[in-house]
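# Descriptive analysis of the structure
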Amino acid sequence: MQLRYNFRVTPDAAQRTALAQAFGCARVVFNDALRLRQQAREAGEKYISDGDLSKLIITAAKATEDRAWLGEVSAVVLQQALADLNTAYRNFFNSLSGKRKGRKVAPPRYRSRKDNRQAIRFTMNSRFKILDNGRLRLPKIGDLPVRWSRSLPSDPSSVTIIKDAAGRYFASFVVTIGEDETLPPVEPEIGIDLGLTHFAVMSDGTKVSAPKFLRRAARKLKRLQQALFRKQKGSNRRKKAVTQVARAHARVANTRRDWQHKLSTAIIRDNQAVYVEDLCVVGLGRTRLAKSVHDAGWASFTGMLEYKAARYGRTFGRVDRFLPSTRMCSDCGRINEKTALNVREWDCPCGSHHDRDVNAARNIKAAGQADFNDRGVQARPGLVPAPRREAVTHPDVARSTRSVEGISVL
Ligand SMILES: [Zn+2]
């Protein structure tokens, strides 16, 4: 199975210029090729083969005054732009003939410099390289700093450099891992509300609290931290206390991780699709809820759900955080008055009686299903994955602005 691993990269000014040039050249090659094929089709000529196209659009064009600058970027980038076009055509034809299931695929369209997402791909034969200092060496671009948020399980076969609508850069590595771990499909789909009273509440009514042993370990950590503050700086007692706090901290972190792994694995195993609210955890973290939010560890939990979904062939989606999920009635859709946080149950004028969190989870599920079915891609600013087994150049994906640190399946 092939997985995609995404990381932020932070090119300097010169590298950004070189990238802009490469994006531009790839776009020109893609558009030239598309135009040539369209013209051939309108003239009633036969479909231009991939090999002929490459000779005409890249090799011959470089020799002309108009396109001489194509020689300034890596040839692989240009070849991959043509490969993107071929993939787009193949998807379109297969969709027409019914060989390709699912939503209809539109014919390839021209790329624009105004597209929200610019991308170029380097394959192995471009000799891109991950250096010992952690930088990513790209031919004719330079050594890009990468924010390695996790390690790659094996050597990548290609890397795509993406610039999103927000002007952020990402490196998306394709890595092949052992066996296909896709689980057999199941019926249920679920929405999850991540809350403060319970760690998670599911649309089927299940409520999950952090286990007692975890809360106990967290309390002990807090006690040790307070004790540490009282110790005199530089004293032996303080040194001892520092070690104790570090140990307790590691124990809490490990315990929480184990517990989250078990919970996320169970949820992914039992459900075909999982939707969560796209909480702006960072924003919340600045308020007085900070402590409980960070202790709750939602980010790491949703991260686990996301990559396990990718790994085991399930759907994972984040739902717009502006959805009024707590006050919208999941039965009639009416948006009711805001209620105080301590109001745990409420009645809708339609006659439905709601548990605040279960209702929110049901709305999240419905919104996730709608999002996913409409677009076939996920709806989170900066989010990942191409639908399974598709090139990232699928028109839907190319049109989206999503790209973020994470793992997804190809
Ligand atoms: Zn209602």
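Presented here is an overview of the structure given in this document. Residue numbering note: each chain is counted from 1, following its sequence as written. Note on the predicted model: pLDDT of at least 70 is required for a residue's local features to be given, and 80 or more for side-chain atom pairs to be given and counted; whole-chain, interface and lining totals, by contrast, use all residues. Computation of side-chain values covers all heavy atoms of the structure but excludes hydrogens and water.

## Quick notes on the overall build of the protein
To keep things clear, this is the line we draw: Strands here mean DSSP runs of E at least two residues long; helices mean DSSP runs of H or I at least four residues long; both are numbered from the N terminus. Using a 1.4 Å probe on the protein chains alone, a residue whose accessible area is under 20% of its type maximum counts as buried, one over 50% counts as exposed, and one in between counts as partly exposed. The contact rule is simple, with two residues in contact once any of their heavy atoms fall within 4.5 Å. Per-residue and other accessible areas were derived by the Shrake-Rupley procedure at a 1.4 Å probe size, with only the shown protein chains allowed to occlude residues.
Along the backbone of the protein there are ten helices and 16 strands. Within the protein, buried positions represent 48% of all 410 residues. A separation threshold of at least 6 residues defines the contact pool for the protein, and within that pool the share at least 24 residues apart is 67%. Surface accessibility of the protein: about 21,600 Å² in total, with carbon and sulfur atoms responsible for 51%.

## Considering the sheet that holds strand β4 (residues 136-138)
How we decide: A pair of strands is considered paired only if DSSP assigns at least 2 bridges between the two.
Taken together, the three strands give an open sheet; going across it, the order is β3-β4-β5, and neighbouring strands pair in antiparallel fashion. Every other strand in the sheet has two partners, leaving β3 (129-130) and β5 (142-144) as the edge strands with one partner each. The sheet contact formed by β3 and β4 spans two bridges and is antiparallel. If you follow K129 over to β4, its bridge partner there is R137.

## Digging into the pattern of salt bridges
Keep this limit in mind: In what follows, salt bridge is the name for a side-chain nitrogen of Lys or Arg lying within 4 Å of a carboxyl oxygen of Asp or Glu.
Counting across every chain of the model gives 13 salt bridges. Its salt-bridge partner being R109, residue D115 comes within 3.7 Å of it at the nearest N-O pair. Look at D115 and you get buried, because its relative accessible area is 18%. Of the charged contacts, one joins D143 and R137 as a salt bridge, the two residues approaching to 2.8 Å between their closest N and O atoms. Judged by its relative accessible area of 40%, R137 is partly exposed.

## Some details on the coordination of the zinc ion
Put simply, the ideal angle at a metal is 109.5 degrees for four donors in tetrahedral geometry and 90 or 180 degrees for six donors in octahedral geometry. Let me state the cut-off plainly: Here the coordinating atoms are restricted to nitrogen, oxygen and sulfur within 2.8 Å of the metal centre, or 3.2 Å for Na, K and Ca, and because water is not among them the sites may look incomplete.
Within the first shell, the zinc ion binds the protein through C329 (SG), C332 (SG), C348 (SG) and C350 (SG), at distances of 2.2 to 2.3 Å. Of note, the donors binding the zinc ion are all from one chain and are spaced C-x2-C-x15-C-x1-C. Here the residue C329 occupies a position in the loop between β13 (315-319) and β14 (345-347), and C350 occupies one in the loop between β14 and β15 (353-355), the gap between them amounting to 21 residues. Overall, C350 belongs to the partly exposed group, its relative accessible area being 37%.

## Brief notes about a positive patch on the surface
Selection criterion: Think of a patch as exposed residues, more than 30% relative accessible area, with no salt bridge, where like charges cluster within 9 Å and nonpolar side chains (Val, Leu, Ile, Met, Phe, Trp, Tyr) cluster within 5 Å. The convention is simple: Lys and Arg are positive, Asp and Glu are negative, and His and the chain ends are not counted. For the purpose of locating charges, the reference atoms are NZ of Lys, CZ of Arg, CG of Asp and CD of Glu.
On the surface, K212, R215, R216, R219, K220, R223, R247 and R251 cluster together into a positively charged patch. Broken down by secondary-structure element, the contributors of at least two residues to the positive patch are α4 (212-230) and α5 (236-270). If one sorts the elements of the positive patch by residue count, α4 sits on top with six residues. Assignment of secondary structure puts R219 in helix α4.

## Regarding the nonpolar core
What tends to happen in soluble globular proteins is that the nonpolar side chains get buried as a cluster. Filter applied, for reference: Each nonpolar core is a collection of buried residues, namely Ala, Val, Leu, Ile, Met, Phe, Trp, Tyr and Cys, held together in the definition by side-chain atoms within 4.5 Å.
Formed by 44 residues in total, the largest nonpolar core has its most connected members in I120, F122, L136, L138, V159, I161 and F173. Only β1 (2-9), α1 (13-42), α2 (50-62), α3 (75-97), β2 (118-123), β4, β7 (158-163) and β8 (169-176) provide two or more residues apiece to this core. Here this core takes eleven residues from α1, the largest share from any one element. Counting residues in hydrophobic clusters, the runner-up holds 27 residues, among them V208, L214, V276 and A309.

## Description of the side chain of R356
Topologically, R356 is positioned in helix α9 (residues 356-375). For R356, the contacting residues outside a window of four places in its chain are T326, T339, A340, L341, V343, R344, E345 and W346.

## Focus: the side chain of S264
Put simply, the test is: As used in this structure description, the phrase polar contact means that two N or O atoms lie within 3.5 Å; if the pair is within protein, one of them must be able to donate a hydrogen and the other to accept it, and residues adjacent in sequence are counted only when both atoms belong to side chains.
Inspection of the secondary structure puts S264 in helix α5. Engagement of the side chain of S264 in a polar contact is seen with the backbone oxygen of Q260, the distance being 2.7 Å. Residues contacting S264, with those up to four places away along its chain left out, are F301, M304, L305 and K308.

## Things to note about the packing of aromatic side chains
Condition: Stacked, tilted and edge-to-face are the three classes assigned to paired rings of Phe, Tyr and Trp, where Trp is represented by its six-membered ring and a pair needs centres within 6.5 Å; plane angles under 30 degrees give stacked, over 60 edge-to-face, the rest tilted. Any Lys NZ or Arg CZ found within 6 Å of a ring centre and within 35 degrees of that ring's normal is scored as a charge over the ring.
In total, this model carries nine aromatic pairs according to the counting rule given. Measuring from centroid to centroid gives 5.0 Å for F199 and W259, while their planes differ by 70°, and the two rings are edge-to-face. Of the two residues, F199 sits in the loop between β9 (189-194) and β10 (200-202) while W259 sits in helix α5, which places them 60 residues apart along the sequence. Members of the aromatic cluster, joined through ring pairs, are Y47, Y89, F92 and F93. In this structure, R111 is placed above the aromatic ring of F30, and the distance from its NZ or CZ to the ring centre is 4.0 Å.

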